[in-house]
Protein chains: 4
Amino acid sequence: MCRWLAYSGSPVLLEDLLYKPEHSLIVQSMHSTMGAEATNGDGFGVGWYGDRETPGLFRSIEPAWNDRNLRDLAAHVSSPRVFAHIRAAIGSPVQQTNCHPFRQGRWLWMHNGFIDGFHAMKRDLALAVDPERYADIEGTTDSEMLFFLALTFGLEDDPPQAVSRAVGLVEETARRHGIGFPIQGTLATTDGETTWAFRYSSEGRSRSLFHSTDVSMLKHQYPENAALHELSDDARMVVSEPLGELRGAWREVPEASCVAIRGGEEELTPFKPLLPAGIR
Amino acid sequence: MCRWLAYSGSPVLLEDLLYKPEHSLIVQSMHSTMGAEATNGDGFGVGWYGDRETPGLFRSIEPAWNDRNLRDLAAHVSSPRVFAHIRAAIGSPVQQTNCHPFRQGRWLWMHNGFIDGFHAMKRDLALAVDPERYADIEGTTDSEMLFFLALTFGLEDDPPQAVSRAVGLVEETARRHGIGFPIQGTLATTDGETTWAFRYSSEGRSRSLFHSTDVSMLKHQYPENAALHELSDDARMVVSEPLGELRGAWREVPEASCVAIRGGEEELTPFKPLLPAGIR
Amino acid sequence: MCRWLAYSGSPVLLEDLLYKPEHSLIVQSMHSTMGAEATNGDGFGVGWYGDRETPGLFRSIEPAWNDRNLRDLAAHVSSPRVFAHIRAAIGSPVQQTNCHPFRQGRWLWMHNGFIDGFHAMKRDLALAVDPERYADIEGTTDSEMLFFLALTFGLEDDPPQAVSRAVGLVEETARRHGIGFPIQGTLATTDGETTWAFRYSSEGRSRSLFHSTDVSMLKHQYPENAALHELSDDARMVVSEPLGELRGAWREVPEASCVAIRGGEEELTPFKPLLPAGIR
Amino acid sequence: MCRWLAYSGSPVLLEDLLYKPEHSLIVQSMHSTMGAEATNGDGFGVGWYGDRETPGLFRSIEPAWNDRNLRDLAAHVSSPRVFAHIRAAIGSPVQQTNCHPFRQGRWLWMHNGFIDGFHAMKRDLALAVDPERYADIEGTTDSEMLFFLALTFGLEDDPPQAVSRAVGLVEETARRHGIGFPIQGTLATTDGETTWAFRYSSEGRSRSLFHSTDVSMLKHQYPENAALHELSDDARMVVSEPLGELRGAWREVPEASCVAIRGGEEELTPFKPLLPAGIR
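Residues numbered from 1 in each chain as written. Chains lettered and ligands numbered in written order. Predicted model: local features only at pLDDT ≥ 70, side-chain atom pairs only at ≥ 80, totals over all residues. Heavy atoms only, no water.

As annotated in an unreviewed UniProt entry, chain A carries the name Class II glutamine amidotransferase and comes from Nocardioides mesophilus.

**Details of the interface of chain C and chain A**
Rules: What makes two residues a contact is simply this: any of their non-hydrogen atoms within 4.5 Å. By buried area we mean how much accessible surface two parts lose on assembly, using a 1.4 Å probe and totalling the loss over both. Criterion for a salt bridge: a side-chain nitrogen of Lys or Arg within 4 Å of a carboxyl oxygen of Asp or Glu. What qualifies as a polar contact is a pair of N or O atoms within 3.5 Å, subject to a donor-acceptor requirement within protein and to the restriction that residues adjacent in sequence count only when both atoms come from side chains.
Of the residues lining the interface, 14 residues belong to chain C; the matching set on chain A comes to 14 residues. With both chains or domains summed, chain C and chain A bury close to 1,100 Å², and 51% of this area falls on carbon and sulfur atoms. Between the two partners, chain C and chain A, sit 0 salt bridges. Across the chain C-chain A interface, the total number found is 4 residue pairs in polar contact (both at pLDDT 80 or more).

**Comments concerning the pattern of salt bridges**
Which entries qualify depends on this criterion: Every helix listed is a DSSP run of H or I at least four residues long, and every strand listed is a run of E at least two residues long, numbered separately from the N terminus. Only protein chains enter the calculation, and the probe is 1.4 Å; a residue is then buried if its accessible area is under 20% of its type maximum, exposed if over 50%, and partly exposed in between.
Counted by the stated rule, this structure contains 40 salt bridges over all chains. Between C:Arg103 and B:Asp72 there is a salt bridge; the shortest N-O distance is 2.6 Å. Separated into two different chains, C:Arg103 in strand β5 (residues 102–104) and B:Asp72 in helix α3 (residues 68–76) make up a pair that spans both. On the basis of relative accessible area, C:Arg103 is assigned to the partly exposed category, the value being 26%. Of the residues examined, B:Asp72 reaches a relative accessible area of 10% and is grouped as buried.

**Looking at the relation of the copies chain A and chain D**
As a reminder of what qualifies: We place the copies in one frame by least squares, fitting the C-alpha atoms of every residue whose pLDDT is at least 70 in both.
Note on the copies: chain A fits chain D at an RMSD of 0.0 Å, the axial shift is 0.0 Å, and the rotation between them is 180 degrees. These values place the two chain copies in the arrangement generated by a two-fold rotation axis. Across chain A, the smallest distance between a C-alpha and the rotation axis is recorded for A:Val77, namely 3.9 Å. Same-surface contact between copies: 100% of interface residues of chain A are shared with the interface of chain D.

**Topic: the interface of chain A and chain D**
Taken together, the contacts link 22 residues of chain A with 22 residues of chain D. Note on chain A versus chain D: buried area summed over both sides is about 1,700 Å², and carbon and sulfur give 39% of it. When residues of chain A are sorted by the area they lose upon contact with chain D, A:Arg52, A:Asn69 and A:His76 head the list and together hold 35% of the total. For the interface between chain A and chain D, the tally reads 6 salt bridges. We note a salt bridge from A:Glu138 to D:Arg68, for which the minimum N-O separation is 2.8 Å. Put simply, chain A and chain D have 16 residue pairs in polar contact (both at pLDDT 80 or more) between them. Elements that contribute at least two residues to the side of chain A that touches chain D include exactly β3 (56–60) and α3 (68–76) of chain A. Among the elements that line the side of chain A that touches chain D, the one with the most residues is α3(A), at 6 residues.

Below, the structure written as structure tokens:
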């Protein structure tokens, strides 16, 4: 499927996030160990927040391990909030508009996983998208469709509820199409201030998801680790696969839950699809 | 906008079609003289019929003038029926799935022009597409949408009528959105045996369209022209811009008409949008 | 490093060579089992002989598993002699001019392996290239340099001897630079009529290399295998990794040897670097 | 050929340099008015200095007018020193390693123009490159070769003299090959603190070159121009073609001269090729 990471905290050079860790995202692009596929070579993307209202976006259809522009960008851009994603396509074309993260206004969105039966359900799902937003869908992935459904259901006001409703709609639509376990994966979204990450699958066997724990405790335990000491106390990461082997640095996000990260605070809440009104 | 050519006749090396003429399509990709834009550098595509049921397709986002693979393909592939297109994008992303020709089964489709107000009308038009076909739309262009509308309205059975209905739907939808002259351009489609080319605009001022005239007469007039003498008597071309200066070789297709080319026969008929049933 | 195949025999659809076998080259691009790297996603290339003097070439920097143009080309082009290559870059840029096969006139060349210490030796090797040919070097790989050295040393007249001299020059140059085991790999070259494949390493531990055995015997043993029965009796393949599990279909080319395939005849000869004159 | 700009002064958003001016470099990529070619669609590059020792580099083979990543990068990166270039290739492949600016250590280099007879002279010129640097040549352009010659002749110590010697070597080599007017164009190079720009051709008829004049005077003359007022007094630009119509803002660099820009100081000196020692 794919692999991703979401960082927030003190401004960090993209390079330190993407290339420096021993099991970095760039390493995972060729040798993921926990993904459904070892190779995630079907494009990549990085979104980062800077001085502008809108985050920057750099997406390419080349494998991340090859991309010289990514290497230079990463060496020169620092940001307090970064989303990065490497893609393993399943069916939909390898093109920039299918690369994650997706962006609408201040919001970024990325996804690891898939909607089973998406081809059959696509029209029904597209019709549920806010008509004002419909023409802004640029690619052909299930991931972007989920983003537009979440936007339709109020992502900008109440992200966990909007995602619950988006996922609920997919499950209800799947039921009508006779598809058993339609949804699977992990999702991350941010408005530039809070990151919400979700782990859920219809079947209850989702892709892995981890978040980093208290940095201050880590600094205490690993006094010699320079990289850790440069991070602010409120720095946090959410990742589809741990970067490096540091014991205790990563906590698994449980099945069917949402973790919200705001500054140094993490809030873990159960995640449950919300079926469309009048259905339950 | 774009430039295109449609060839049918004795098998011809793509190179002879695309590179050899003095004002060839490849030359036009950098220096079109009759197009809305001089530069058509936003990708290109070639479709050709061979031994297979389905035509071959080679589409790329690079400017055609640069592409070494196109040059080699053109030097090695011959075909009795070729569609070629160079793109000047207006708004929609430069990606392979937005390059012409578009293909569904045995059918190819290409377009020069645009739908004014497409962003506003896109959802309404998409809803009119046959639900079975909806999920097969891969790109984001108005051109591909017209193709899917024509398929929905019976392109495979009666192309001129299907195109009339597709264009009619666009005009009716535009009227509801308060858009004055929504459609503009030239279209070509083929099932591998007949080519239909259309010239039409709501305003009555369409992009140029030409077709080649009787080859046997030309051979007689220009006894020294080797290229002409290798073509079969039934060879015909339809082009958005004449290739070369040969006097008398090209006849302009009149405003609001459709030319159908089957073997050496051309049939010119008036073209008129058909408004959706119950509207007139 | 890389993976490759060289086919000769009755004209075969590229698709049957590249996509149909159970462990095809396209499968190997993502999941090679015998290569130094499992992933060969740094571009690919196909060279094929047709009606022209010069073979056709299609090379791209995208992973082969993604490329839609390759899929369409493969579905429409047949050829009696095909070279195909998937690349895993080690250091040199991922660009079309670094993709194999390389072509000069009627000759194709491809390589799996590397020259150790190439950066240090590059200038010395380049100076040994025929001055008339120097400016035709287009890329930056050790593989292309070997091709130009072989051309310089008479590839067009006596391929085994030219390759021996090219390899000998590399070994002698390495000795002067204090590099222990400079060369490693398998090479294939053809003039469109004979294919020569080489397996050699300074250390005596080369990458794998196999060639297919007598097709008529295979047809007899496997009467139900349709693919085999369409091939002519003189069809042969040389591959860096067997395609599929068919017992007895593949024979390993021994260390330090050259196999020449002309029609249905294979000739196996020992391969030994020839040191530059006056050195031995 | 190509078009370029070199900026130095107070940190400026790349967007303000590349997209905002009425006749910006991005506009010139499709519609240059003073270039040898109207279209400069064969790739582009931007180099910028930030916190690092080495400048950042973003180069792509797509036309600049299309590139979404460039647009986002430009919207998010500010720099006090920027080199930008759009390419119109003449012969050499369209690949990232042939895109300008070229970089070695802290130095950037870009070029508009060409070496006539480069194919014939290439080996002789390459042999003159410092053997330690030879293997670092990555592309195949005459422009990069000039860069390596200048580096060989002491670019890092005395840029005007090093460029004079590089150009002198080309002229002397051309004389031996019987080539009349071998060199033509404009060059820019920087170490991150000073920019040197050269205008020269063997024939005395070089491509155009302009630099901006005193910003403080401009601010006085055009009190209502917001863009001008944000620039520091020492901001300067050197361009192959003026950006916009502002009268008095641009001064033509005379034939056969070098302009050095350090802070707000410009120094104009005559430029003359230095023939290799012992030749004059």
